[in-house]
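Chains, contacts and geometry: an overview
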Amino acid sequence: MTPPPTSTYTPVMRRLLTLTFLLALPIFTISCSSGYQGYMTRSYTIRGTHYQPMSVNQALNHSEVGIASWYDESSWLGFKRGNTSLGEKVQPWHVSGAHKTLPLPCEVKVTNLENGKSVKMRLNDRGPFIPGRVIDVTPRAAKKLDFHHKGLTQVKVEVLSVGDGKYKRKAKRKKRFLIF
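Basis of the calculations
Residues numbered from 1 in each chain as written. Predicted model: local features only at pLDDT ≥ 70, side-chain atom pairs only at ≥ 80, totals over all residues. Heavy atoms only, no water. Helix = DSSP H or I, 4+ residues; strand = E, 2+ residues; numbered from the N terminus. Buried < 20%, exposed > 50% of the residue type's maximum accessible area, 1.4 Å probe, protein only. Contact = heavy atoms within 4.5 Å. Pairing = 2+ DSSP bridges. Patch = residues over 30% accessible without salt bridge, like charges linked within 9 Å, V, L, I, M, F, W, Y side chains within 5 Å. Areas by Shrake-Rupley, 256 points an atom, 1.4 Å probe, with all protein chains shown as cover. Salt bridge = Lys/Arg side-chain N within 4 Å of Asp/Glu carboxyl O. Lys, Arg positive; Asp, Glu negative; His and termini not counted. Charge placed at Lys NZ, Arg CZ, Asp CG, Glu CD.

**Digging into the side chain of S96**
Note on placement: S96 falls in strand β4 (residues 96-98). Residue class for S96 comes out buried when judged on its relative accessible area of 5%. When neighbours within four sequence positions are excluded, S96 is seen to be in contact with M121, R122, N124, D136, V137, T138 and A141.

Written out as structure tokens, the structure is:
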């Protein structure tokens, strides 16, 4: 009989790999969890402009057309990133965005009107604070919508739901009847 294969890792290497995994695990679990309870609808002021977010009921029936842009809070290897308005970490693999007046968190469908591509995303931040823009998205979302190379595009934003967990409320879909 042949002896079972031996590991190429020494005990020191195994301990180092285990320690690295244990140190990295909280970074990934913390960055994925919200911790925010309810809906963020309080008013705020940025650069002298006052914003009053919509109520949850108003938002559930909301859709708009306008200009989308993308923003990047990247740094070396994605380890030093900003926090959203909800206190969540922004990571390079997130498909999320920012809106000035929708309640946070919120799930929306964004459709690029120039090419028809669409993506569902979580809104967890405030912005864009540049006149004429309706939504800011992360670089990954911009790539999925195929406007990362351009920077701006015309989009339609449709609210799918507001809130998370027990606070989640879905938008009511219009009922369509087939008439023969």
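The rest of the description comes next.
**Remarks on the pairing of strand β8 (residues 152-162)**
Bridge count between strand β3 (residues 63-70) and β8: 7 bridges; the pairing is antiparallel. Counterpart to E64 in the pairing with β8 is V157. Of the strand pairs in this sheet, strand β5 (residues 106-112) and β8 are connected by 7 bridges, and their pairing is antiparallel. Along β8, the bridge assignment pairs V108 with V159. In terms of strand pairing, β8 meets strand β9 (residues 169-170) through 2 bridges, oriented antiparallel. Within the sheet, the bridge partner assigned to S161 lies in β9 and is K170. The antiparallel pairing of β8 with β9 creates a hairpin that spans 6 residues between the two strands, and G163 there sits at a positive phi of about 90°.

**Details of the environment of N61**
If you trace the backbone, N61 turns up in the loop between α2 (56-60) and β3. The spatial distance from the C-alpha of N61 to the C-alpha of K170 is 9.8 Å, given a sequence separation of 109 residues.

**Topic: a positive patch on the surface**
The grouping of K109, K120, K156, K168, K170 and R173 at the surface amounts to a positive patch. Summarising the element assignment, R173 is placed in the segment after β9.

**Observations regarding unusual backbone geometry**
In this model, L104 is joined to P105 through a cis peptide bond whose omega is -10°. Mapping P105 onto the fold places it in the loop between β4 and β5. For the peptide bond that leads from G127 to P128, omega is -5°, which places it in the cis range. Tracing the chain through its elements places P128 in the loop between β6 (118-125) and β7 (133-137). The backbone of R47 shows a phi angle near 50°, a positive value even though the residue is not glycine. Considering the arrangement of structural elements, one finds R47 in the loop between β1 (44-46) and β2 (49-51). The class of R47 is exposed, set by a relative accessible area of 72%. Of note in the backbone geometry, D146 takes a positive phi value of approximately 60° without being a glycine. In this fold, D146 is placed in the loop between α3 (139-144) and β8. Accessibility expressed as a relative area gives 34% for D146, which makes it partly exposed.

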